[in-house]
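Descriptive analysis of the structure
Listed below are the residues making up each chain.
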Amino acid sequence: MPLEGQIVEIVLLSLKVSLSAVVLSALVGIPLGALLAVGRFRGQSVLIVLVNASMGLPPVVVGLGLYLLFSRSGPLGVLQLLYTPAAMIIAQTILVTPIIASFSQQVFSDLHHEYDEMLRAMKASRWQTMATLIHDARHSLITALLAGLGRALSEIGAVMIVGGNIAHATRVMTTAIALETSKGNLYLAVTLGLILLALSGVINVVMILLRSRLERLAHV
Amino acid sequence: MSDSNVFPLGHPRPRKPAPPLLTAESLRYQRGGRELLAGVSFELPEKGITALLGPNGAGKSLTLRILMGLIPPDSGQVGFHSGFSGRIGMVFQQPVLLRRSVRANLDHALRIARIPRRDRTGMIAELLVMANLTHCAENAARSLSGGEQQRLAMARALVADPELLLLDEPTSSLDPAATAAFEDLTLEVAAKGAKIVLVTHDLHQARRLADDIIFLHRGRVYEHRTASAFFNAPESAEAKAYCTGTLLT
């Protein structure tokens, strides 16, 4: 395969893995953030501390844990996920979810503080309150998604362990950069590095434009 | 002797007083070692506008929040008469509007009240006309003037067709024209049968709107009388001082 083809393949897989992980993390993290901001339940404080602490989860530890789970002799070995993009998505989802949940919780807490009496006076249920907060905070949640995407795109430890950095199968930009650097192939490593930076910049610009568009639509 | 002998035909028969809409009994509320409500008791007549008057820190807004159920009192209770529907609306001093259009704010309130989608469009149109907001229905709620925002907050509170409407200094930051528009809306709502409790610092507004006055000071009820009796001759020294602007908190 020509070099350009390899690069395109690696970039596309990186985007597929990281964007999938961010979408999955958002589906879990945003409602979790809303629940932590609005809910009143036993163990809530412990859960908040756990979520916040999980933002700093070491990727290699997550990778190792998943490796043990998904390895042939592990409890989930039957799923045959090890060294597949699916395992990489799961690993990144575990790393990104606490970031999105924690950012979301902060956003929802601030908004809930403002809306609380008004919504209680309207006799809104807990679910109606959460739905209102998610709707009205959607533009602010872009920042949470961006932070999550930044973490996913730049992550290497977990995807290296559970993906295995297999050419044409699980090689993504970060793992390829590490491999090519160790091989002394600096041209490819630097090219991938620049593409990663450019991608990150483009995604940030798009998200910021989306945020301002949403803000206009949301009448902020 | 029968009643008809005592009150022969043609003479007005004294009516049995209507039961109060609600009774607040010995409401107490303490925070930070300060007694903010020190046994507040009153009965609210079923109809009309009751103004809660008193200096800053008297406990007016706190009393309103307790009536709304937003804050539980440390002791005491609020009892409603048996036929009360439970429908209460509230308008706050600073209107908190959703980051949506005027129409979407009303639609949201109707959805919270579980009004079916097919009925909402017509109800929104009616509320917009009542609050005189039809011209800005698609505008961002937060871009409205202060008066329009407060009328939207009132329209939103009316979504649940409240039997009791609580207004917490709704015109404190409005200009005279916006205040007049809000007062007209308040009178219209009262005329339709809703009981209104109004917290205000504006004595002229209380004179214009209120049927009866509850005067609070330092967490206690000092007077509860008809508005005319209160303003013509306040009984307590505190109420007199308040009306002449010399009451110190």
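First, a word on what this report is: a plain description of the structure on this page. In this text, all values refer to a predicted model and were calculated from it rather than measured experimentally.

Comments concerning the overall build of chain A
Assigned secondary structure in chain A consists of nine helices and zero strands. The linear arrangement of helices and strands in chain A, starting from the amino end, is α-α-α-α-α-α-α-α-α. Counting across all 220 residues of chain A, residues that qualify as buried make up 47%. When contacts within chain A are restricted to residue pairs at least 6 apart in sequence, long-range pairs at least 24 apart make up 74% of them. Within chain A, the 10 negative side-chain charges are centred at a point lying 7 Å from the centre of the 14 positive side-chain charges.

Concerning unusual backbone geometry
One non-glycine residue, Gln80 of chain A, adopts positive backbone phi at about 55°. Tracing the sequence through the fold places Gln80 of chain A in the loop between helix H3 (59-70) and helix H4 (85-121). Overall, the relative accessible area of 62% leaves Gln80 of chain A in the exposed class. You will see that Glu169 of chain B, though not glycine, has its phi angle at about 45°, which is positive. In this fold, Glu169 of chain B is placed in the loop between strand S6 (164-168) and helix H6 (176-191).

A closer look at a nonpolar patch on the surface
Together, Val23, Leu24, Leu27 and Val28 of chain A line one region of the surface with nonpolar side chains, adding up to about 370 Å² of accessible area. Along the polypeptide, Leu24 of chain A turns up in helix H1 (residues 3-38).

Thoughts on the nonpolar core
Soluble, globular proteins show a tendency: their nonpolar side chains are buried together. Of all hydrophobic cores here, the largest spans 80 residues; its most connected members are Phe108, Tyr115 and Leu192 of chain A together with Leu152, Met154, Leu165 and Leu167 of chain B. No other element matches the 10 residues that H1 of chain A contributes to this core. When near neighbours in sequence (up to four residues on either side) are disregarded, Tyr115 of chain A contacts Thr132, Leu133 and Asp136 of chain A together with Val96, Leu97, Leu98, Arg99 and Arg142 of chain B. Among the nonpolar cores identified, the runner-up in size contains 29 residues, and Leu44, Ala58, Leu62 and Leu164 of chain B belong to it.

Structural notes on the pattern of salt bridges
Considering all chains together, one arrives at 17 salt bridges over all chains under this definition. A salt bridge links Arg31 of chain B to Asp74 of chain B; the shortest N-O distance between them is 3.4 Å. Placement of Arg31 of chain B in strand S1 (residues 22-31) and of Asp74 of chain B in the loop between helix H2 (60-68) and strand S4 (75-80) is noted, with a sequence separation of 43 residues between them. One salt bridge in this structure joins Glu183 of chain B and Arg208 of chain B, with 2.7 Å as the shortest N-O distance. Highlighted residues: Glu183 of chain B in helix H6 and Arg208 of chain B in helix H7 (residues 203-209), separated in sequence by 25 residues. We classify Glu183 of chain B as buried; its relative accessible area is 7%. According to the relative accessible area criterion, Arg208 of chain B is partly exposed, its value standing at 47%. Several salt bridges converge on common partners, so that one network encompasses Glu114 of chain A together with Arg99 and Arg142 of chain B.

Criteria and cut-off values
Residues numbered from 1 in each chain as written. Chains lettered and ligands numbered in written order. Predicted model: local features only at pLDDT ≥ 70, side-chain atom pairs only at ≥ 80, totals over all residues. Heavy atoms only, no water. Helix = DSSP H or I, 4+ residues; strand = E, 2+ residues; numbered from the N terminus. Buried < 20%, exposed > 50% of the residue type's maximum accessible area, 1.4 Å probe, protein only. Contact = heavy atoms within 4.5 Å. Lys, Arg positive; Asp, Glu negative; His and termini not counted. Charge placed at Lys NZ, Arg CZ, Asp CG, Glu CD. Patch = residues over 30% accessible without salt bridge, like charges linked within 9 Å, V, L, I, M, F, W, Y side chains within 5 Å. Areas by Shrake-Rupley, 256 points an atom, 1.4 Å probe, with all protein chains shown as cover. Salt bridge = Lys/Arg side-chain N within 4 Å of Asp/Glu carboxyl O. Core = buried A, V, L, I, M, F, W, Y, C linked by side-chain atoms within 4.5 Å.

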